[in-house]
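What follows is the residue order along each chain.
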Amino acid sequence: MKQRSVNIELLRIVSMFMVVMLHCLGQGGVIAHSHGSAYNLTWLTETFCFGAVNLFALISGYVGVTAHHRWGKVLLFWMETFFYYVLCTLAVVCFTDYSLRTVDVLHLFFPISNKAYWYMTAYFALLCFRPFVNRLIEHLSKTEFRTLLRIGFLLFASIGCLIKDAFATVSGYSFVWLLYLYFVGAYFRTYPEMRGKWLNLLLYVVLSLLAYFMKFYVIPSTGGFMGTGWGVSYTSPFIFLASLELFLFFTKLRCPDLRIVRKAASVTLPVYLIHVSPAVFSQVMKNCLVRYCRSDWRNLFVALAAAFVIYVACSLLGYAQKKLFSLLRIPALCDRLTTRRQKTAP
């Protein structure tokens, strides 16, 4: 594995931990049960982690623009999503008072189309369009590519935040936003950024602080004139640029090729699919940390500890799933099915 690939794998791990941290702070009830300086501290941490989803989409573009497209991988992505959606739902039904209606049972067979996981739905569409997007990128000059990114930033991260959802980005919870981030990640793979990595890290910190300042001080003072999207949201120009700077920092980071990094990075998707499974998220994650909150700065350590435990536990389950799928030769089956379909297509 190339040096840069290891750095990107490390970024996958960091990004997923940030996602889990976001959900511990929010869905876990830590922010809601923090007051005074503890509330400010937890929200500041939330702000620094908020670009995690953007980071994953940037990684997709950075890696995907030079990757060989396999439709078998798309099918495998669907099967993993289906596997965890069904497994987690049934586990919650068995161990809690959560019940399923007939329509819910039917939805179990369509995890992508019924938007059980918004990111999986948007990313599945991105995977389907990826080979065609890459063909477009191949034919863009550097000037055209930069123009495309500037237009996207203006529409989605500027005007779209000032005028609520003017261009259907749904505050970043959409295929449109992931596609734009894919272009951004692909651009920096094609044309590497040359600034020093420590400047990138410094700008990440500064831009995250600006996003926090915008949310709590600037936007409230405008009386609603400035959209809340300019504060802490996926499409906020400050959150977007902060996540981009952190992404660029990792692309330049030099680190040893550690097997544990590659192993941990390979199960980041299961970490997401397990703890954000609708049944788990609503029945297990919701306010799960309230009993441990003390309304002071220690709440942050409660969230950190919980995020670590959740991440490790889900990673271990993900590793077991990978072994099971390998034993059943499911990845190979997905490749054969899609290859056969391509050969028989007119």
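Preceding this paragraph is the structure being described.
Residues numbered from 1 in each chain as written. Predicted model: local features only at pLDDT ≥ 70, side-chain atom pairs only at ≥ 80, totals over all residues. Heavy atoms only, no water.

A. Here's a closer look at the overall build of the chain. Looking only at helices and strands, the chain has 15 helices and 0 strands in total. Relative to a compact globule of 346 residues, whose C-alpha radius of gyration would be 20 Å, the chain shows 21 Å and is just as compact. Along the first, second and third principal axes, the C-alpha atoms of the chain reach 60 × 55 × 45 Å. Looking at the chain as a whole, 48% of its 346 residues qualify as buried. By element, 67% of the accessible surface of the chain is carried by carbon and sulfur atoms, the whole surface being about 17,400 Å². Computing the positive centroid from 33 side-chain charges and the negative centroid from 13, the chain places the two 6 Å apart. (Helix = DSSP H or I, 4+ residues; strand = E, 2+ residues; numbered from the N terminus. Rg over C-alpha atoms; globule rule 2.2 N^0.38 Å. Buried < 20%, exposed > 50% of the residue type's maximum accessible area, 1.4 Å probe, protein only. Areas by Shrake-Rupley, 256 points an atom, 1.4 Å probe, with all protein chains shown as cover. Lys, Arg positive; Asp, Glu negative; His and termini not counted. Charge placed at Lys NZ, Arg CZ, Asp CG, Glu CD.)

B. Expanded view of unusual backbone geometry. The phi dihedral of N287 is positive, around 55 degrees, even though this residue is not glycine. Tracing the chain through its elements places N287 in the loop between α13 (278-285) and α14 (298-327). Residue N287 is classed as partly exposed on the basis of its relative accessible area of 40%. The phi dihedral of R329 is positive, around 60 degrees, even though this residue is not glycine. Of note, R329 is situated in the loop between α14 and α15 (330-344).

C. Looking closely at the pattern of salt bridges. Within the structure shown, the criterion is met by 9 salt bridges. For D335, the salt bridge goes to R70, with nearest N and O atoms at 3.3 Å. Of this pair, D335 sits in helix α15 while R70 sits in the loop between α3 (52-64) and α4 (71-95); the two residues are 265 residues apart in sequence, bridging distant segments of the chain. You can call D335 partly exposed: its relative accessible area is 23%. By relative accessible area, R70 is classed as partly exposed at 37%. Through salt bridges with shared partners, a single network forms among E193, R195, E245 and K252. (Salt bridge = Lys/Arg side-chain N within 4 Å of Asp/Glu carboxyl O.)

D. Here's a closer look at the environment of D335. Put simply, D335 and V302 are 33 residues apart on the chain and 43 Å apart in space, counted from C-alpha to C-alpha. The residues touching D335, leaving out its near neighbours within four places in the chain, are R70, G72 and K73. Side chain to side chain, D335 and R70 meet in a polar contact 3.3 Å long. (Contact = heavy atoms within 4.5 Å. Polar contact = N/O pair within 3.5 Å; in protein donor to acceptor, adjacent residues only side chain to side chain.)

E. Up close: empty space enclosed by the protein. Taken as a whole and judged by the stated rule, the model has 1 cavity of 30 Å³ or more. Around the largest cavity, the lining comprises 13 residues; the ones closest to its centre are F48, F50, G51, Y204 and S243. Per element, the largest residue contribution to the lining of the largest cavity is 4 residues, and it comes from helix α10 (residues 237-252). Split into classes, the residues belonging to the lining of the largest cavity amount to 9 nonpolar, 4 polar and no charged. (1 Å grid on protein atoms, 1.4 Å probe; cavity = no way out; pocket = protein on both sides within 12 Å on 5 of 7 lines; lining within 4 Å. Points joined across faces, edges and corners; volume = space filled by probe spheres on them. Nonpolar A, V, L, I, M, F, W, Y, C, P; charged D, E, K, R; others polar.)

F. Just the packing of helix α12 (residues 268-275) against α14, in detail. Two elements in contact, α12 and α14, have axes whose closest approach is 8 Å; the angle formed by their N-to-C orientations is 110 degrees. In terms of orientation, α12 and α14 fall into the roughly perpendicular class. The way α12 lies across α14 gives a crossing that is right-handed. In contact with T268, P270, V271, I274 and H275 of α12, α14 contributes I310, Y311, C314, S315, L317, G318 and Q321. (Axes fitted to C-alpha atoms, helices over the stretch in contact; angles between N-to-C directions. Parallel < 35°, antiparallel > 145°, perpendicular 65-115°, else oblique. Left-handed = near helix turned anticlockwise from the far one by under 90°.)

G. A look at helix α2 (residues 37-49). Compared with the 18 Å implied by 1.5 Å per residue over 13 residues, the 18 Å span of α2 between its first and last C-alpha is a close match. Listing the buried residues of α2 in full gives A38, T42, W43, T45, E46, T47, F48 and C49. (Expected span 1.5 Å × (residues − 1).)

H. The arrangement of the packing of aromatic side chains in detail. Within this structure, the stated rule accounts for 35 aromatic pairs. Between F83 and F325, the ring centres sit 5.3 Å apart and the planes meet at 80 degrees, which makes this aromatic pair edge-to-face. Linking F83 in helix α4 with F325 in helix α14, this pair joins segments that are 242 residues apart in sequence. Take F83: its relative accessible area is 24%, and that puts it in the partly exposed class. Aromatic side chains W177 and Y180 sit 5.6 Å apart centroid to centroid with 35 degrees between the ring planes, which places their arrangement in the tilted category. (Phe/Tyr/Trp six-rings, centres within 6.5 Å; stacked < 30°, edge-to-face > 60°.)

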